Amino acid sequence: MKDLAATLAGFPRERLTRLPTPLHSLPTLGAQLGVDLWIKRDDLTDLALGGDKPRKLEYEIAAARAAGADTLVTCGSAQSNHARLTAAAARQRGLHCTVILSDDEWRAIQGNLLTVFLFGAEVVIVEAEDHWDLEQYALDRCAEIDAAGGRAHYIPVSGTTPLSCLGYVGAGLEIADQFTEYELSPAAVYAPFGTGGVFTGTLLALRERGIDCPVIGISVNRDQKTCEANLDHWWAALCQLLARSPVPRREPYELHDGYVGRHYGDPTEATLDAILTMGEAEGLLLDPVYSGKMTAGFLDHCAGGRWINSGKTIVLIHTGGVPALFAYHEVIEDHLRARGRLADLPKLRN
Ligand SMILES: *Cc1c(COP(=O)(O)O)cnc(C)c1O
């Protein structure tokens, strides 16, 4: 079987960011917890405030180009990072972009939603229970674009396709190289789990490089069973795309659904506390939807005694999302007040 990196290099890709992103330690928070804590900074990819999506879009845009597309069409929540980064990537590559967004409670012209307007994307806001159900609207818009003489390329929610998962295979190989460079043998790697694209690609690459620690996914929306089914789906598709035979062993991994809160994007107390903990210890921003939830999961595992004072090496994958913080400013203000961080400041908002 061909080496994974060599196989990966055979897929067309349009560069959207410099790589590798940094892997660095979090010495202050690590010392507080008694662990050797590191973070992979995929929030620092180059495109429009960064995140995981540039790695995914590098492969999707190459596919769109090969199909002769002139317009990227995608969907997401009102504060979709994916919408921001798809719109930015389209503009940078001379393509049009349409984003179908759900009319949810975070639809202030702030954060990610502000940026899609600045990129001149066509923005369609749709009443939908769940932004994971917007696919049909997006496919209908693709048909209209094609009927009007354009050529649409549809990218699903969260940008996840077998092809885009290759971006996280690349990230996993990069992480494995950085483990070698810094002589790390991690006891666990944590990642947020949305559709599972980031998780699946990273897991496959780490396994192929012989890194056999638990890879721990913290769900941001679905229950454990659904996450497991999504992992099965992307794992099979990715192993087929990359001609992995025999398929590598997937275990040990964990998928936790206890940190979602009421629904996707719910800024739970634990998430807001994690954002505050990371900010105060490390001067590092997390987001309320993905990296904040992942860190809440990690901190809860520490509080339960799992890693605390073990001195073990733990790696968090920061996938970005920080612009959404600004759309959540009211709930964050309330949280800061509840935690005594605003002291006697009068209400700042009117
Ligand atoms: C889209 C996104 C993810 C994606 O995770 P998947 O499991 O691949 O869907 C993770 N983090 C952030 C900040 C994102 O915007």
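Located above this text is the structure these notes cover.
Below is a short write-up of the structure. (Residues numbered from 1 in each chain as written. Predicted model: local features only at pLDDT ≥ 70, side-chain atom pairs only at ≥ 80, totals over all residues. Heavy atoms only, no water.)

Taken together, 16 residues lie around the ligand, and K53, S158, G194, T195 and T319 are the ones closest in. Measuring from an oxygen atom of the ligand, one finds a side-chain N or O atom of K56 at 2.8 Å. Taking T319, its side chain carries an N or O atom lying 2.5 Å from a nitrogen atom of the ligand. With the chains in place, 99% of the 390 Å² that the ligand exposes on its own is no longer accessible. When atoms are counted within 2 Å of each cavity's grid points, the one that captures over half of the ligand is the largest cavity. Breaking the shell around the ligand down by element, the ones donating at least two residues are α3 (53-66) and α8 (197-208). Of the residues contributing to the shell around the ligand, the split by class is three nonpolar, 10 polar and three charged. (Near = heavy atom within 4 Å. Polar contact = N/O pair within 3.5 Å; in protein donor to acceptor, adjacent residues only side chain to side chain. Areas by Shrake-Rupley, 256 points an atom, 1.4 Å probe, with all protein chains shown as cover. 1 Å grid on protein atoms, 1.4 Å probe; cavity = no way out; pocket = protein on both sides within 12 Å on 5 of 7 lines; lining within 4 Å. Sits in = over half its atoms within 2 Å of the grid points. Helix = DSSP H or I, 4+ residues; strand = E, 2+ residues; numbered from the N terminus. Nonpolar A, V, L, I, M, F, W, Y, C, P; charged D, E, K, R; others polar.)

For the rest of this paragraph, the subject is the sheet that holds strand β3 (residues 71-76). With parallel pairing, four strands are arranged side by side in an open sheet as β5-β4-β3-β6. With one partner strand each, in any of the chains shown, β5 (122-126) and β6 (152-154) form the two edges of the open sheet. Strand-to-strand twist in this sheet, taken as the mean axis angle between neighbours without regard to direction, amounts to 20°. As defined by bridge partners, β3 adjoins β6 across three bridges and the pair is classed as parallel. For T71, the partnering residue across the bridge sits in β6 and is A152. (Pairing = 2+ DSSP bridges. Axes fitted to C-alpha atoms, helices over the stretch in contact; angles between N-to-C directions.)

Here we take up the layout of surface pockets. For the largest pocket, the calculated volume is near 380 Å³. Lining the largest pocket are 21 residues, and of these D104, E129, H131, H263 and Y264 lie nearest its centre. Its residues assigned to classes, the lining of the largest pocket shows eight nonpolar, eight polar and five charged. Lining the second largest pocket are 18 residues; nearest its centre among them are L8, R13, L19, Y59 and G170. Put simply, the parts of the chain that give the lining of the second largest pocket at least two residues each are α1 (4-9), α3 and α7 (162-181). Among the residues forming the lining of the second largest pocket, the class breakdown is nine nonpolar, two polar and seven charged. (Points joined across faces, edges and corners; volume = space filled by probe spheres on them.)

With that settled, consider the packing of α3 against α7. Between α3 and α7, the shortest axis-to-axis distance is 7 Å and the interhelical angle comes to 140°. In terms of their interaxial angle, α3 and α7 are classed as oblique. Between α3 and α7 the crossing geometry is right-handed. Along the contact surface, α3 presents R55, K56, Y59, E60 and A63, while α7 presents L163, S164, L166, G167, Y168, G170, A171 and E174. Here the residues of the contact of α3 with α7 are counted per class, giving six nonpolar, three polar and four charged. (Parallel < 35°, antiparallel > 145°, perpendicular 65-115°, else oblique. Left-handed = near helix turned anticlockwise from the far one by under 90°. Contact = heavy atoms within 4.5 Å.)

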